[in-house]
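Fold and contact review
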There are 2 protein chains.
Amino acid sequence: MAVRLPELPLMHPIKGVEVGTCSAGIKTPGRKDLVIFKLSENSSVAGVFTRNAFCAAPVQIARAHLANGPRYLLINTGNANAGTGPSGHTDALACCEALAREAGVEVGQVLPFSTGVIGEPLPVQRIIPALPAALAALREAGWPEAASGIMTTDTLPKGASLAFDVDGVTYRITGISKGAGMIKPDMATMLGFVATDAAVAPEVLQQLLSIVSNRSFNRITIDGDTSTNDSCILMASGAAGNPPLERAEGALYEALLEALTRVFQQLAQAIVRDGEGATKFVTVRVEQAATAQEALDVAYTIAHSPLVKTALFASDPNWGRVLAAVGRAGLENLDVSRIQIWLDEVQIVTDGGRSSSYRESDGQRVMDQEEILIRVDLGRGNACEQIWTTDLSHEYVRINAEYRS
Amino acid sequence: MAVRLPELPLMHPIKGVEVGTCSAGIKTPGRKDLVIFKLSENSSVAGVFTRNAFCAAPVQIARAHLANGPRYLLINTGNANAGTGPSGHTDALACCEALAREAGVEVGQVLPFSTGVIGEPLPVQRIIPALPAALAALREAGWPEAASGIMTTDTLPKGASLAFDVDGVTYRITGISKGAGMIKPDMATMLGFVATDAAVAPEVLQQLLSIVSNRSFNRITIDGDTSTNDSCILMASGAAGNPPLERAEGALYEALLEALTRVFQQLAQAIVRDGEGATKFVTVRVEQAATAQEALDVAYTIAHSPLVKTALFASDPNWGRVLAAVGRAGLENLDVSRIQIWLDEVQIVTDGGRSSSYRESDGQRVMDQEEILIRVDLGRGNACEQIWTTDLSHEYVRINAEYRS
């Protein structure tokens, strides 16, 4: 079950970035569940992490190690190492130390990431013995295997990749992501790893990551549940040979921003398309809001409403539920008589009431689609935001009543 | 499907308050769907209403008419008259006018209430001809029929009733409520009507209603969707003959407050017990919060989490999902190492991590129950709040994918 989720595209290798995947038997024997990224010296690395106060031990360590010139990323699925207290911290560090020893780097140059069940001890005794196999698997063409290696309840691997030219130099960007439930990222998705061969100074890279995260992973929601382990890493190897991008301006900066936005949006939307039990891919766009924040408040209230989500599942053009969600979004002094709402191009609410031109058959035609745009015009300003979400189906309940996340 | 929802208790008639129910054929031919309350002269009436910006036409009218010495309440199910624009207002007023004419009172003394489908025109042509039958049915013992007459997706009628003595005078309180979905009241439930024969000045009655609403209807949530039609009315006929209660103090005030709290909590909890698809009745209590608001923020984040709700449905002691919900509730400077969490008396989180004493079998025993207490101690103040909610089941999705609310 996934809504028009594309197959993994051609994944351009990124020079200076090697990826290795192996099986450590963390949760399911034989499953590929351990991924290592190796970065060439002088790479830049930026990261954004969950704002959940209960952030997992690996998130705390990865955030702390980000400034040390990271050389390795160590990712496991099958166990989130979250809610595991001080021993979770010790366990994550033990894995980093073992990898640093094998690879000949400092422990502070290893960033750990975990995803899977919350609240169970990390099986260090299964991860450490598997490290040599993951290191042996390292290669620049290793992205597709890694896309599968970081999956949990995902039904398909998720990747995006493109190349673009600036001033006669070809640059490449490749990334993978995972996540299908507990998705309402707050700074990042469950896990996303994106690399480019452009040379970019760390502070510019961090700035780019913040901007494109806010256009992608921070604009999706499946169930409103912000995970304890959200992490997104952007790496720049510099292998393309350009003079390092030191400032947030110029042709390369603009091209990189646009290309990264495309890759990040593809990765983020892939998570929504593969949302647990998803049968619809829904864009919620709120226009003419007074501020970006109130546009987001309205968009998320619609996207999180169980009644809107079940109507989407039923392909029911139940516009009253959308209207009720807008009304409870908490906006001060909302003049409902200025509100317009559309399903795709079909206007359902005009000046706060049912559109006189609206015919149920038109609404039904849109709702029968797999991809739907809900567009709300608040008529009170110039801010506009859009987010992506899914419906709420029987399958969502089944998955989450059966899976221990 | 309903979690230990008690049958309608003995409903004490309230002297000075008559209730009439009839069938107007609003949505389903033959169903009792129209209820009228008649109040004796000099009754006091207090009301609280939804804060949804798209509040329905009848809500706007009822709120405006509250100050006019209301004599009649006119309630229909099957149609919410919400999102109906100016014609919705005209339609609601037309029904009030027709009733006022029949009954010989002013139109401003009639309070209208509607519940049911949003966004369809109110069938005035079916309501007005049914008014004489509802008036003919008026009687002080009419409460049980009215409890059924205001239902929508409710599986059972909901009522509460009690008597208490102060200074040798016996007072009675009787009330009914309805609601099962689109339930996260913000000032009131979908619909609640409660009457007492005590004589209470209007401003004291309004104050009592605010207090007890905040202990009951404003502390429940099923799906987080605040309705456009939430209304709760408290009536005091004065037929008990006491000197009118003019101040918020004294033995009668205290007794009334306590008795109203009991009735209101029973009515509010009945809505949760009858929540759409509910298989669990869950109390979420947050203790040692810095403020009441942050206690509520944490409690509602837990209660609205689809992952917590599906774990409750599955009877899965998945404490990691509760912990993740606490972590994303948006509290400033939350020190997770001070947090304790219990399922009933079983401590699952100690100082922010899994309790060393916790055994899965203990958690399982609690989760297998139909009634569960999730208790969170934030360790940062003295505020405490509790709310009541349900799980998220297949049946919730089925009902809301099929019913046009």
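Calculation rules
- Residues numbered from 1 in each chain as written.
- Chains lettered and ligands numbered in written order.
- Predicted model: local features only at pLDDT ≥ 70, side-chain atom pairs only at ≥ 80, totals over all residues.
- Heavy atoms only, no water.
- UniProt positions renumbered as here; feature names shortened; annotations may be inferred.
- Contact = heavy atoms within 4.5 Å.
- Buried area = accessible area lost by both parts, 1.4 Å probe.
- Salt bridge = Lys/Arg side-chain N within 4 Å of Asp/Glu carboxyl O.
- Polar contact = N/O pair within 3.5 Å; in protein donor to acceptor, adjacent residues only side chain to side chain.
- Helix = DSSP H or I, 4+ residues; strand = E, 2+ residues; numbered from the N terminus.
- Nonpolar A, V, L, I, M, F, W, Y, C, P; charged D, E, K, R; others polar.
- Buried < 20%, exposed > 50% of the residue type's maximum accessible area, 1.4 Å probe, protein only.
- Pairing = 2+ DSSP bridges.
- Core = buried A, V, L, I, M, F, W, Y, C linked by side-chain atoms within 4.5 Å.
- Phe/Tyr/Trp six-rings, centres within 6.5 Å; stacked < 30°, edge-to-face > 60°.
- Lys NZ or Arg CZ within 6 Å of the ring centre and 35° of its normal.
- Axes fitted to C-alpha atoms, helices over the stretch in contact; angles between N-to-C directions.
- Parallel < 35°, antiparallel > 145°, perpendicular 65-115°, else oblique.
- Left-handed = near helix turned anticlockwise from the far one by under 90°.
- Least-squares fit on C-alpha atoms with pLDDT ≥ 70 in both.
- Domains from an automatic or database assignment.

As recorded in an unreviewed UniProt entry, chain A goes by Arginine biosynthesis bifunctional protein ArgJ and comes from Aestuariirhabdus litorea. In its Sequence similarities (unreviewed entry) section, the UniProt entry covering chain A states "Belongs to the ArgJ family." Its UniProt record gives chain A a comment under Subcellular location (unreviewed entry), which states: "Cytoplasm".

On to the interface of chain A and chain B, then. If you look at the interface, chain A gives 49 residues, while chain B gives 49 residues. In total, about 4,100 Å² of surface goes out of reach between chain A and chain B, with carbon and sulfur atoms giving 61% of it. In this structure, the connection of chain A to chain B is made through two salt bridges. Between the two partners, chain A and chain B, sit 16 residue pairs in polar contact (both at pLDDT 80 or more). Within the residue set of the side of chain A that touches chain B, elements represented by two or more residues are α9 (306-313), α10 (319-327), β13 (353-354) and α12 (394-402) of chain A. For the side of chain A that touches chain B, the element with the highest residue contribution is α10 of chain A, accounting for seven residues. Residues of the side of chain A that touches chain B, tallied by class, amount to 22 nonpolar, 17 polar and ten charged.

Residue and element names in this part refer to chain A. Here strand β11 (residues 340-343) shows two buried faces, one formed by Gln340 and Trp342 and the other by Ile341 and Leu343. Direction of pairing for β11 relative to strand β14 (residues 371-377): antiparallel, over a ladder of four bridges. Considered in β14, the bridge of Leu343 is made with Ile374. Pairing analysis gives three bridges linking β11 to strand β12 (residues 346-350), with the strands arranged antiparallel. Each residue of the ladder has a partner; that of Ile341, found in β12, is Val349. Once β11 ends, the chain turns through two residues before running back antiparallel as β12, passing Asp344 with a positive phi of about 50°.

Glancing now at the nonpolar core. In this structure, Phe37 and Phe193 of chain A together with Phe37 and Phe193 of chain B are the most contacted members of the largest nonpolar core, which totals 160 residues. Beyond its immediate sequence surroundings of up to four residues, Phe193 of chain A is in contact with Phe37, Leu73, Ile75, Phe113, Trp143, Ile150, Thr174, Gly175, Ile176, Ile233 and Met235 of chain A.

This part covers the packing of aromatic side chains. The tally for this structure, following the rule as stated, stands at ten aromatic pairs over all chains. On the numbers, 5.5 Å between centres and 25° between planes, the contact of Phe164 of chain A with Tyr171 of chain A is stacked. Pair check on accessibility: Phe164 of chain A and Tyr171 of chain A agree, each one buried. Seen from their ring centres, Phe37 of chain B and Trp143 of chain B are 5.2 Å apart, and the 70° between their planes marks the pair as edge-to-face. You can see Phe37 of chain B sitting in strand β2 (residues 34-39) and its partner Trp143 of chain B sitting in helix α5 (residues 143-149), a full 106 residues away along the chain. Judged by relative accessible area, Phe37 of chain B falls into the buried class, the value being 0%. Pairwise contacts between aromatic rings join Phe37, Phe113, Trp143 and Phe193 of chain A into one cluster. Taking the ring centre of Phe281 of chain A as reference, the NZ or CZ of Arg273 of chain A above it sits at 4.0 Å.

To characterise two packed helices, one gives the angle between the axes of the helices and the distance between these axes. All names here are of chain B. Contact geometry of helix α1 (residues 57-65) with helix α2 (residues 85-103) gives a least axis separation of 8 Å together with a crossing angle of 55°. As summarised for this structure, α1 and α2 are arranged oblique, according to the angle between their axes. The way α1 lies across α2 gives a crossing that is right-handed. Of α2, the residues touching α1 (which contributes Ala57, Pro58, Gln60, Ile61 and His65) are Gly88, His89, Ala92 and Leu93. A breakdown of the residues in the contact of α1 with α2 according to their chemical character gives five nonpolar, four polar and no charged.

With that out of the way, let us pick up the sheet that holds strand β15 (residues 383-389) of chain A. Residues and elements named next belong to chain A. Pairing within the open sheet is mixed, and its six strands lie in the order β13-β12-β11-β14-β10-β15. Looking at strand neighbours, the two that pair on one side only are β13 and β15, the edges of this open sheet. Two elements, strand β10 (residues 281-289) and β14, share seven bridges in a ladder whose sense is parallel. Residue pairing for β14: Glu287 is matched across the bridge by Asp377. Packed on one face of the sheet, helix α8 (residues 292-304) meets β10, β14 and β15 and runs near 25° to β15.

Now for the relation of the copies chain A and chain B. Superposing the two chain copies requires a rotation about an axis and a translation along that axis. Each copy superposes on the other: chain A lies on chain B with an RMSD of 0.0 Å after a rotation of 180° and an axial shift of 0.0 Å. With respect to symmetry, the two chain copies, as superposed, fit the operation of a two-fold axis. Closest approach to the rotation axis among the C-alpha atoms of chain A is made by His394 of chain A, whose C-alpha sits 2.8 Å away. Taken as a fraction of all interface residues of chain A, those also at the interface in chain B reach 100%, which identifies the copy contact as same-surface.

Let's shift gears to the side chain of Thr84 of chain B. Residue and element names in this part refer to chain B. Examined against the element boundaries, Thr84 turns out to sit in the loop between β4 (72-77) and α2. Thr84 gets classed as buried once you look at its relative accessible area, which sits at 14%. Here Asn81 takes part through its side chain, which lies 2.8 Å from a polar atom of the side chain of Thr84. Apart from the residues lying within four places of it in its own chain, the contact partners of Thr84 are Gly119, Glu120 and Pro121.

Glancing now at the domain arrangement of chain A. Residues and elements named next belong to chain A. We note that the domain assignment places domain 1 (17-273) and domain 2 (281-389) within chain A. The centre of domain 1, based on its C-alpha atoms, is set 34 Å off from the matching centre of domain 2. Opposite the 14 residues of domain 1 that make contact, domain 2 presents twelve residues. Interface area for domain 1 against domain 2, summed over the two sides, is near 1,100 Å², with a carbon-plus-sulfur share of 57%. The largest share of the area that domain 1 buries against domain 2 comes from Arg219, Thr221 and Arg273, three residues that together contribute 52% of it. There are two salt bridges connecting domain 1 and domain 2. Note that Glu385 is salt-bridged to Arg219, the shortest N-O span being 2.8 Å.

What follows is about the UniProt feature "binding site: substrate" (unreviewed entry) in chain A. Residues and elements named next belong to chain A. Using the residue numbers shown here, the UniProt feature "binding site: substrate" (unreviewed entry) corresponds to Thr152, Lys178, Thr189, Glu276, Asn400 and Ser405. Looking at the secondary structure, you find Lys178 in strand β7 (residues 169-178). On the basis of relative accessibility, which here comes to 0%, the residue Lys178 falls in the buried class. A polar contact is formed between the side chain of Lys178 and the side chain of Thr115, at a distance of 2.8 Å.

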